[in-house]
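# Breakdown of the fold
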Amino acid sequence: MVSNKCDIVKKWVDDRLNVTVPVQTVPYSVYERAGITWDILRTDLIHPVCSGNKLFKLKYYLLDATQKNYTKIQTEGGPWSNHIVATAFAAKEIGLTAMGIIHGDEPTEKSRALQDAENYGMELHYKGWGLSTTNSDHFADTFQIPQGGFGHLGVKGAKEIIPQKLSKEYSHIICAVGTGTMLAGMSMAAPNTNVIGIPVLKNTNITLPIQQLIGTLPLRLIHDYHFGGYAKKTNELLNFMNQFYSISKIPLDFVYTGKLMFAIHDLIQNKYFPEGSKILAIHSGGLQGNRSLTKGELIF
Ligand SMILES: *Cc1c(COP(=O)(O)O)cnc(C)c1O
């Protein structure tokens, strides 16, 4: 019975993750003239709900939970968290009960993310704006997945985002950073490549936690592209996303990948990358976040 359940979970995850994801070059003469190749790994195409890095980060937690015979899982996140939605969806699909500890007070009007999570059957609890989950939020019969999947099992899964044959082809691998779990995975997958993270939060301090998790692998954070903080945006960012779509036909989200691609564009313009650089940017999905924009702000 038990191994059967594990097999089912493993198959469900693998069926979604063992797909070949396209790599697309951004076709823009300005980059060509600068001697830069800029490719994008389209992990956003993996799945409409569990898109991008989310299922990779959840993979080993879900397997561990089933192996240990848990039927309930719990995780935490903010009211707009893609991680909460992905956890709720995966739990429903593989037959686990999911609980979400949401930062802040119960809103009078729930965000689309929280509505989705509830529709997938997740039980939501609001913990106010305190700093961390207290032990009393933890239940012995419930398997804990850290916020954003930040932990060894999350990094182990994130490492698999980069197909092995790609990990040596690029001089730079760049991704957006929330908790830094994906970035830590990139750094482990490609230890001889320049791995760069673009934090989308203001004043985020994740260098130390990442080092505690994976040791001192080389990676660099560039803090200049958060646009005021998490889920903050400007017209300049939205205009860039529209222009980027016009030249590449690749849609971006304004919370993560819009800021990431803006950063790369800006860094190329400012000659940050030496001539001959080959850049791989991770499109980590999150497009559902654009639903909170006013209709017409984006052309896609
Ligand atoms: C969650 C998320 C990230 C951040 O991933 P971390 O591992 O928490 O740094 C980046 N991009 C998108 C689209 C996400 O949903």
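Every chain is numbered on its own, with residues counted from 1 as its sequence reads. Since the coordinates come from a predicted model, pLDDT governs what is reported: local features require at least 70, and pairs of side-chain atoms require 80 or more to be given and counted, while whole-chain, interface and lining totals use all residues. Water and hydrogen atoms were dropped before computing side-chain values, which therefore reflect all heavy atoms in the structure.

Per the convention used, a helix needs a DSSP run of H or I reaching at least four residues, while a strand needs a run of E reaching at least two, with both numbered from the N terminus. Tracing the chain through its elements places Trp-38 in strand β2 (residues 37–41). Judged by its relative accessible area of 1%, Trp-38 falls in the buried class. Beyond its immediate stretch of four places on either side in the chain, Trp-38 contacts Gln-24, Thr-25, Val-26, Tyr-31, Phe-244, Met-261, Ile-264, His-265, Ile-268, Ile-279 and Ala-281. Burial status follows relative accessibility: with a 1.4 Å probe on protein chains alone, a residue under 20% of its type maximum counts as buried, one over 50% as exposed, and anything between as partly exposed. In this description, contact between two residues means that some pair of their heavy atoms is separated by no more than 4.5 Å.

The next subject is the sheet that holds strand β1 (residues 23–25). A sheet is described by the order of its strands in space; here 6 strands give the open sequence β1-β2-β10-β7-β8-β9, paired in mixed fashion. Either end of the sheet is taken by a strand with one partner, and the two such strands are β1 and β9 (220–221). Paired strands, in this sense, are two strands between which DSSP finds at least two bridges. Taken together, the 3 bridges between strand β7 (residues 172–177) and strand β10 (residues 278–282) define a ladder with parallel strand orientation. In the strand pairing of β10, His-172 is matched with Ile-279. Every axis in this analysis is a line fitted to C-alpha atoms, fitted for helices over the stretch in contact. Angles between the N-to-C directions lie between 0 and 180 degrees. Of the strands in this sheet, β7, β8 (194–199), β9 and β10 are in contact with helix α7 (residues 181–189), which crosses β7 at around 165 degrees. Its contacts with the sheet place helix α10 (residues 257–269) against β2, β7, β8 and β10, and it is angled at close to 165 degrees to β10.

Okay, the site of the ligand next. Each residue is tested against the molecule or strand, and it is near if at least one of its non-hydrogen atoms lies within 4 Å. Neighbouring the ligand are 14 residues, the closest being Lys-54, Asn-82, Gly-178, Thr-179 and Ser-284. In this structure, an oxygen atom belonging to the ligand sits 2.7 Å away from a main-chain N or O atom of Gly-178. Measuring from an oxygen atom of the ligand, one finds a backbone N or O atom of Gly-180 at 2.8 Å. In isolation the ligand has 390 Å² of accessible area, and contact with the protein removes 97% of it. Because more than half of its atoms lie within 2 Å of the grid, the ligand is assigned to the largest pocket. When residues of the shell around the ligand are traced back to their parent elements, those giving at least two are α3 (54–67) and α7. Gly counts as polar in this scheme, as do all residues outside two lists: the nonpolar Ala, Val, Leu, Ile, Met, Phe, Trp, Tyr, Cys and Pro, and the charged Asp, Glu, Lys and Arg. Looking at the shell around the ligand, its residues break down into 3 nonpolar, 9 polar and 2 charged. For the shell around the ligand, the two domains that each supply at least three residues are domain 1 (2–52 + 162–292) and domain 2 (54–149). Each polar contact in these results corresponds to two N or O atoms within 3.5 Å; when the atoms are within protein, one needs to be able to donate a hydrogen and the other to accept it, and residues that are neighboring in sequence are counted only if both atoms are side-chain atoms. Computed by Shrake-Rupley with a 1.4 Å probe, the accessible areas treat only the displayed protein chains as cover when residues are assessed. Only protein atoms enter the calculation, which uses a 1 Å grid: trapped sets of points that fit a 1.4 Å probe without letting it out are cavities, open sets showing protein on both sides within 12 Å along at least five of seven lines are pockets, and any residue with an atom within 4 Å of a point is a lining residue. More than half of a molecule's atoms within 2 Å of the grid points is what it takes for that molecule to sit in a cavity or pocket. The start and end points of each domain follow an automatic or database-based domain assignment.

This part is about the layout of surface pockets. Grid points are joined across faces, edges and corners, and a volume is the space filled by probe spheres set on the points. Approximately 1,100 Å³ is the volume found for the largest pocket. Residue lining of the largest pocket: 45 residues in total, with His-103, Gln-147, Gly-178, Thr-179 and Leu-201 positioned closest to the centre. Looking at the lining of the largest pocket element by element, the count peaks at 3 residues for α7. When we break the lining of the largest pocket down by domain, the ones giving at least three residues each are domain 1 (2–52 + 162–292) and domain 2 (54–149). Size it by volume and the second largest pocket reaches roughly 380 Å³.

A few words on unusual backbone geometry. Notably, Phe-227 is not glycine yet its phi reads approximately 55 degrees, a positive angle. Mapped onto the secondary structure, Phe-227 falls in the loop between β9 and α9 (235–248). Of note in this structure, Ala-231 is not a glycine but carries a positive phi near 65 degrees. Tracing the backbone through its elements, the reader meets Ala-231 in the loop between β9 and α9. Take Ala-231: its relative accessible area is 30%, and that puts it in the partly exposed class.

By themselves, these are just geometric observations and shouldn't be taken as functional.
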